[in-house]
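Notes for the structure review
Here's the letter readout for the chains.
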Amino acid sequence: MFGRQSGLGSSSGSSSNLIEFRAGRMNMVGKMVHPDTRKGLVYMTQSDDGLMHFCWKDRTSGKVEDDLIVFPDDFEYKRVDQCKTGRVYVLKFKSSTRRMFFWMQEPKTDKDEEHCRRINELLNNPPSAHQRGGGNDNNELQYMLNNMSQQQLMQLFGGVGQMGGLSSLLGQMNPRTPSSRNTSSSGGGSNSSLQTPENVSVPRTPSAPKASKSGSSRTNLIGGNNSQGDSAGSATTSDAGKKSTTSASTTATTGPYANPFQAYLSNLSPEHGAGRSLNIDLSTALSGTEAINQLIADPERVKTLIVHLPESEDADEDRKQQIKDHINSPQFQQALAQFSNALQSAQLGPVVKQFELSNEAVAAAYSGNLEDFVRALQKSLPEGTTMDADTAGTKELPISDKKADSEPAAKEENIEPSEKPEEKQK
Amino acid sequence: MSDNLSPDNDNGSWCLIESDPGVFTELISGFGCVGAQVEEIWSLETFSHLEPIHGLIFLFKWVQDDVVTGVVAPERSDIFFAKQVINNACATQAILSLLLNLKHEDIQLGETLTNFKQFCQQFDPYTRGLALSNATKIRDVHNSFARPTLFELEMKQPCREEDIYHFVGYMPINGRLFELDGLQEGPIDLGEIGSARSWVDVVRPIIEARIQRYSAGEIHFNLMALISDRQCIYERQIEALQKPDCMGTTLLPEAERLAEIGSLQAQLKFEVEKKKRYHQENMRRRHNYLPFIVELLKQLGQTGQLMPIYEQAKNHAMQRQPDREE
């Protein structure tokens, strides 16, 4: 429909590049940067496991010389302003001082800026993978919208007071009340049948590289159009049931969300950087099961579990019931859903490592494989490997405080081919 | 508690908190204010059982085209209005916009809020907003209701839903109905209430109109009422009935009196349990479940029950898949 669907619908995610342009590399010699004169290609792809790759290859030999796995918010790609003569761009590693420089080899300069913008989008807002025969409509829509120029967006939104062709699509969305976060829909309004998965993590909306404060010009444009139509409000999915955390954001504006349509976009994609086709949420299978009853029938198990729960103010409260109540609570369910999601996004390796689980379980967490993780836990553990409250207590802190340390470590491991052979074999 | 703050700006950031009457009720008492409670309202028709209603907090999606329904009043010394400076402080700002304008015998503001109000009395709305954003005690209470960060990687995902919602307060001040919206330039005068009707009757059509507008666009909203602490009210009423020599209750036949006491006691019990439940929920909100989750999964693994659970979850996920493609 909008002519930029080259990446869409292709089921072999790893062979179609999400972006590519001709660019040469620069080599650092001491503190000076010298261009490598070879003809090259900068491109980004998403492998089947959902990871984003930033690559450079020699166009003459065909050899891929750089293949970096990139995670959101780790990198920034921008133009080097000091280079007045050339079109030089730098890929900055936020967690280190490493830099990679590239110089444009595209004959025309008119797309330079667009390429730069697009790279940043992909670096920080990886698309959901298009699998299972092309992915679903919502993902494609988002992908298209991400790629549209301002002109195309204007056409899309049509004239004053209407949202053009999108108004019918917007009607399908799934707004939820804020307080229905824990319970089924409440208050006025309705819950449409289209439910976004509970543990939706929201990718960033396509705007300027450091998207936290400023809206892009496209944002303002959409906002401007919306000011006319009262259907503007329909553009949002509240997604109150979503289980993301209350952290500082990178895209959410510090003021009110100026662009309801951005909210729509950001709520569409169900998974964060997900290459996985299925987002398995353990909380959907846990509450009220016989399994829990069996577990708490054993007083020793009750003891080991209860130390990780807040102290009950009611001294008489039955510990078994306490455990059950917690497990059935919406707060726990959301935490478990978050955990499931994060594990499958291959983000929990360093976190899981701190809990004295088997090496297999840790490896599964690093590779984002929930099934392997489960299997690893099912294998009998050596005696005495249950956690005690003290170590668990201290282990919590490093997770938040040492963020700077643990994150790059994880990235380094992801990048080293030797550590993750299964990812290279696509 | 400090783990709730983003490391990026750990000098005074406000966290997003859940819009839930339990959260709001404990938030208020956390500020040191006594005698108030927040209830969620489902229907605008019958809430006489919640009276006296001091104010209403309307939550909805913030949209740029929002129609201003009245005139922004010129600054008045009898209205405390603060502009919203920090988005995440929305919930607290909404509640304070009501509390700081309230003069009712049931409610005592407490030291923290009274001091804050006095401190800002002479400021303009914007400066008041800034003062609120820097009000450490108030902010700390607010942030104490935020979810703990289970793992730092999750911190990259912002809480989109709270970003989008907006809070607006409605309350009567000195005989007129006002809309208090921190994103506006000042309080909006919605008209005189008059002695013939209750302020709720006056605000009802205004809120209904808003609801209509948003329902048409499938926007979700919540309506919360700031009311007096029900437990206190019931206790007072029971006490009054138990002393038939006071007030005019001597006119009640004995049977009716006892029945009334019984009914009030049942409602009292309900309120007490509700508070207990709120407290439990808030405790759970604050609790970092990560160690518990890992231990639980470990134990389920040991007893061989984890795989079946996983399989079941997988089935659920697969069943959900076709829905997403609608």
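Residues numbered from 1 in each chain as written. Chains lettered and ligands numbered in written order. Predicted model: local features only at pLDDT ≥ 70, side-chain atom pairs only at ≥ 80, totals over all residues. Heavy atoms only, no water.

Details of the overall build of chain A
Condition: Helix and strand definitions follow DSSP, with helices as H or I runs of at least four residues and strands as E runs of at least two, each counted in order from the N terminus. Burial classification: accessible surface area is computed with a 1.4 Å probe over protein chains only, and a residue below 20% of its type maximum counts as buried, one above 50% as exposed, and the rest as partly exposed. Contacts between residues were defined by any pair of non-hydrogen atoms, one from each residue, lying within 4.5 Å. The accessible surface values rely on the Shrake-Rupley method and a 1.4 Å probe; as for residues, cover is taken only from the protein chains in view.
Looking only at helices and strands, chain A has 16 helices and eight strands in total. Considering chain A as a whole, with its 426 residues, one finds that 55% of them fall into the buried category. Put simply, of all contacts in chain A between residues at least 6 apart along the chain, 61% involve residues at least 24 apart. Carbon and sulfur atoms make up 49% of the accessible area of chain A, which totals about 17,800 Å².

Brief notes about the UniProt feature "site: Transition state stabilizer" (unreviewed entry) in chain B
Residues and elements named next belong to chain B. What counts, and what does not: UniProt positions are given in the numbering used here, feature names are shortened, and annotations may be inferred rather than shown by experiment.
As annotated by UniProt and renumbered to match this structure, "site: Transition state stabilizer" (unreviewed entry) occupies Gln-84. Tracing the backbone shows Gln-84 in the loop between strand 3 (71-72) and helix 2 (90-99). Residue classification places Gln-84 among the buried residues on the basis of a relative accessible area of 12%. Those residues in contact with Gln-84 that lie beyond four places of it in its chain are Cys-90, Gln-93, His-166, Gly-182 and Leu-183.

Overview of helix 10 (residues 290-302) of chain B
Residues and elements named next belong to chain B. Applicable threshold: By this rule the span expected of a helix is its residue count minus one, scaled by 1.5 Å.
Between the first and last C-alpha of helix 10 there are 18 Å, a value that for 13 residues agrees with the 18 Å anticipated at 1.5 Å per step. The buried fraction of helix 10 amounts to twelve of the 13 residues, a majority that puts the element mostly inside the structure. Buried residues of helix 10: Leu-290, Pro-291, Phe-292, Ile-293, Val-294, Glu-295, Leu-296, Leu-297, Lys-298, Gln-299, Leu-300 and Gly-301, and no others. Positioned one or two residues after helix 10, Gly-304 has a phi angle of 75 degrees, which is positive.

Thoughts on the packing of helix 13 (residues 370-378) of chain A against helix 10 of chain B
Definition in use: Axes, fitted as lines to C-alpha atoms, cover a helix only where it is in contact. Angles between the N-to-C directions of the axes lie from 0 to 180 degrees. Throughout, the ten residues Ala, Val, Leu, Ile, Met, Phe, Trp, Tyr, Cys and Pro are labelled nonpolar, Asp, Glu, Lys and Arg are labelled charged, and all others, Gly among them, are labelled polar.
Taken N-terminus to C-terminus, the directions of helix 13 of chain A and helix 10 of chain B make an angle of 65 degrees; their axes are 7 Å apart at the nearest point. Across the interface between the two elements, Phe-373, Leu-377 and Gln-378 of chain A of helix 13 of chain A pack against Leu-297, Lys-298, Leu-300, Gly-301 and Gln-302 of chain B of helix 10 of chain B. Split into classes, the residues belonging to the contact of helix 13 of chain A with helix 10 of chain B amount to four nonpolar, three polar and one charged.

A few points about the UniProt feature "site: Important for enzyme activity" (unreviewed entry) in chain B
All names here are of chain B. Condition: N or O atoms within 3.5 Å of each other form a polar contact, as long as, within protein, one can give a hydrogen and the other can take it, and as long as residues adjacent in sequence are counted only when both atoms are side-chain atoms.
When the UniProt feature table is mapped to this numbering, "site: Important for enzyme activity" (unreviewed entry) covers Asp-181. With respect to the element layout, Asp-181 can be found in the loop between strand 5 (176-180) and strand 6 (188-192). Beyond its immediate stretch of four places on either side in the chain, Asp-181 contacts Phe-81, His-166 and Val-168. Among the polar contacts listed, one links the side chain of Asp-181 to the backbone nitrogen of Leu-183, at a separation of 2.8 Å.

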